[in-house]
Amino acid sequence: MSVLIFIDHTSGMIKKASREAISYGAQLAAQLGTTAEGVLLGNVAEDLSALGQHGVQKVYHLQHTNLDHFDAQVYTKVLAQVADQTGAQVLVFSNNTSGKALAPALSVRLKAGLVSGAVSLPDTSNGFVVKKNVFSGKAFANVAVTTERKVIALNVNAFTITTGTGTAEVASLNVDVPAPKTRVISKDKSSGKVTLSEAEVVVSAGRGLKGPENWGIVEELATALDAALACSRPVADAHWRPHSEHVGQTGVAIAPNLYVAAGISGAIQHLAGVNRSKVIVVINKDPEAPFFKAADYGIVGDVFEILPKFTEAVKKV
Ligand code: FAD
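Please read all numbers here as calculations on a predicted model, not as lab measurements. (Residues numbered from 1 in each chain as written. Predicted model: local features only at pLDDT ≥ 70, side-chain atom pairs only at ≥ 80, totals over all residues. Heavy atoms only, no water.)

With that settled, the discussion passes to the overall build of the protein. Regarding its fold elements, the protein presents 8 helices and 16 strands. In terms of overall size, the protein behaves like a compact globule, its C-alpha atoms giving a radius of gyration of 21 Å where 317 residues would be expected to give roughly 20 Å. By the burial criterion, 49% of the 317 residues in the protein qualify as buried. Considering only contacts in the protein between residues 6 or more positions apart, those separated by 24 or more positions represent 65%. With an accessible surface of roughly 15100 Å², the protein has 52% of that area assigned to carbon and sulfur atoms. Charge centroids of the protein, computed over 29 positive and 27 negative side chains, lie 5 Å from each other. (Helix = DSSP H or I, 4+ residues; strand = E, 2+ residues; numbered from the N terminus. Rg over C-alpha atoms; globule rule 2.2 N^0.38 Å. Buried < 20%, exposed > 50% of the residue type's maximum accessible area, 1.4 Å probe, protein only. Contact = heavy atoms within 4.5 Å. Areas by Shrake-Rupley, 256 points an atom, 1.4 Å probe, with all protein chains shown as cover. Lys, Arg positive; Asp, Glu negative; His and termini not counted. Charge placed at Lys NZ, Arg CZ, Asp CG, Glu CD.)

Okay, structure coming up:
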């Protein structure tokens, strides 16, 4: 019996969301009086033993040409074998793009109860009750998992990364790796220097910017804050910005520490993807804009005046 954490990476670099999941899994294992083990599929550029600093005791590293690109079907079959061979009782994923594909598939395969969007460690005083986000982050539900095996997908940015001094043992396992049914032909890097779903700070703009030719002032603030760029849906629909930057109910869901929204009205569909941000700063010339109700800090003013001043102020810090 152990807690098994799926360690996700991009081009061999372990994602911040995975470090959160490892820290969560390690604390959960301590709570259950068991061991925390990680599993990483594919090639990696980092020293996996260093993941012991987040509390994991062992990391299974499986390499195979069929694991070089993320493939939900292949990864699910491999992870199910790892779970069986290691006797994992609880599987922990980050509720990011890969976790959203893998956690439900694994829960079906392992006949395990699933909680997606978990925000804290379970209450194990009377069963196994996990708190999760519901209604696009507007409410919480406490869900009792009644199966022996459990799968948890932890919301991104919901759990603090813990860093200690431990070292993890790195091991391998003998598993069948099926051939993928799809083939990656090419990969195109999306715009922006910082990955949107992983970003700590996001600068976002909407129709209030009037046109794509005005995005320079948004990009300058994003560069000064080392932030990822985002936009509202109409901006992407109008091809002012790429769809990969569109956040909201039908776009990317984000939970950065700081979300700066310039010239965005704050429609419910937009808020659905950004309301888990820790601090929201809204800049809008209309004091009645609905976004101000969700804002921690609001600036009533013209984006064309405020954004350059904001950038200047950040550069001075
Ligand atoms: P607008 O609503 O036009 O607002 C522009 C804002 O800019 C206004 O508040 C205005 O006061 C302000 N402004 C104008 N000029 C200035 C200036 N000079 N200085 C400062 N402020 C200024 N939207 C999303 O964003 N994401 C989604 O995922 C999404 N999914 C949707 C799904 C469905 C099914 C539907 C029906 C809609 C969805 N929408 C989504 C669209 C959403 O309802 C809104 O229409 C959209 O978010 C509005 O974008 P906006 O705020 O950029 O534009």
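The probe, sized like a water molecule, is rolled over the atoms to show the empty space still left. Taken as a whole and assessed by the stated rule, the structure comprises 2 cavities of 30 Å³ or more. Of the voids in this model, the largest cavity is the one considered here, and its volume is about 60 Å³. Every residue along the wall of the largest cavity is listed here: Lys16, Ala17, Glu20, Val156, Asn157, Ser197, Glu198, Ala199, Glu200, Ala255 and Pro256. Counted by class, the lining of the largest cavity contains 5 nonpolar, 2 polar and 4 charged residues. Here the second largest cavity defines a volume of roughly 40 Å³. The wall of the second largest cavity is formed by Leu4, Ile5, Phe6, Val39, Leu79, Leu91, Val92 and Phe93. Broken down by secondary-structure element, the contributors of at least two residues to the lining of the second largest cavity are strand S1 (2-6) and strand S6 (88-94). For the lining of the second largest cavity, the residue count by class is 8 nonpolar, no polar and no charged. (1 Å grid on protein atoms, 1.4 Å probe; cavity = no way out; pocket = protein on both sides within 12 Å on 5 of 7 lines; lining within 4 Å. Points joined across faces, edges and corners; volume = space filled by probe spheres on them. Nonpolar A, V, L, I, M, F, W, Y, C, P; charged D, E, K, R; others polar.)

Quick look at the environment of glutamine 73 now. Structurally, the position occupied by glutamine 73 is in helix H2 (residues 72-86). Classification of glutamine 73 as partly exposed rests on a relative accessible area of 46%. Between the C-alpha atoms of glutamine 73 and alanine 101, which are 28 residues apart in sequence, the distance is 9.1 Å.

Time to look at the UniProt feature "binding site: FAD" (unreviewed entry) in the protein. Here the UniProt-annotated "binding site: FAD" (unreviewed entry) positions come out as Arg207, Ser232, Arg233, Gly263, Ile264, Ser265, Gly266, Ala267, Ile268, Gln269, His270 and Asn284. In the annotated set above, the residues contributing to the lining of the second largest pocket are Arg207, Ser232, Arg233, Gly263, Ile264, Ser265, Gly266, Ala267, Gln269, His270 and Asn284. Relative to the assigned elements, arginine 207 resides in the loop between strand S12 (201-205) and helix H4 (216-225). The residues contacting arginine 207, other than those within four sequence positions of it, are Ser232, Pro234, Val235, Trp240 and Gly263. Structurally, isoleucine 264 is set in the loop between strand S14 (258-262) and helix H6 (268-274). Not counting chain neighbours up to four residues away, the residues in contact with isoleucine 264 comprise Ser204, Ala205, Gly206, Ser232, Tyr259, His270, Asn284 and Phe291. (UniProt positions renumbered as here; feature names shortened; annotations may be inferred.)

Moving on, we get to the sheet that holds S12. Taken together, 5 strands build an open sheet; the order of strands is S13-S12-S14-S15-S16 and the sheet is parallel. Two strands bound the open sheet, and with one partner strand each, they are strand S13 (228-231) and strand S16 (297-300). Across the sheet, the axes of successive neighbouring strands diverge by a mean angle of 15°, strand direction being ignored. Strand direction decides the pairing type here: strand S15 (residues 279-284) and S16, joined by 4 bridges, are parallel. Note on S16: the bridge partner recorded for valine 281 is tyrosine 297. (Pairing = 2+ DSSP bridges. Axes fitted to C-alpha atoms, helices over the stretch in contact; angles between N-to-C directions.)

A few words now on the site of the ligand. Taken together, 26 residues are adjacent to the ligand, and Ser232, Thr250, Ser265, Gln269 and Asn284 come closest. A distance of 2.8 Å is found between an oxygen atom of the ligand and a side-chain nitrogen or oxygen belonging to asparagine 284. If the ligand stood free it would expose 990 Å²; the protein chains cover 77% of that surface. Structurally, the ligand is housed in the second largest pocket. Broken down by secondary-structure element, the contributors of at least two residues to the shell around the ligand are helix H5 (233-237), H6 and helix H8 (303-316). (Near = heavy atom within 4 Å. Polar contact = N/O pair within 3.5 Å; in protein donor to acceptor, adjacent residues only side chain to side chain. Sits in = over half its atoms within 2 Å of the grid points.)

We now examine unusual backbone geometry. The backbone phi angle of serine 11 is positive, close to 45°, even though this residue is not glycine. Position of serine 11 among the secondary structure elements: in the loop between strand S2 (9-10) and strand S3 (13-14). The residue lysine 111 is not glycine, and still its phi comes out positive at about 55°.

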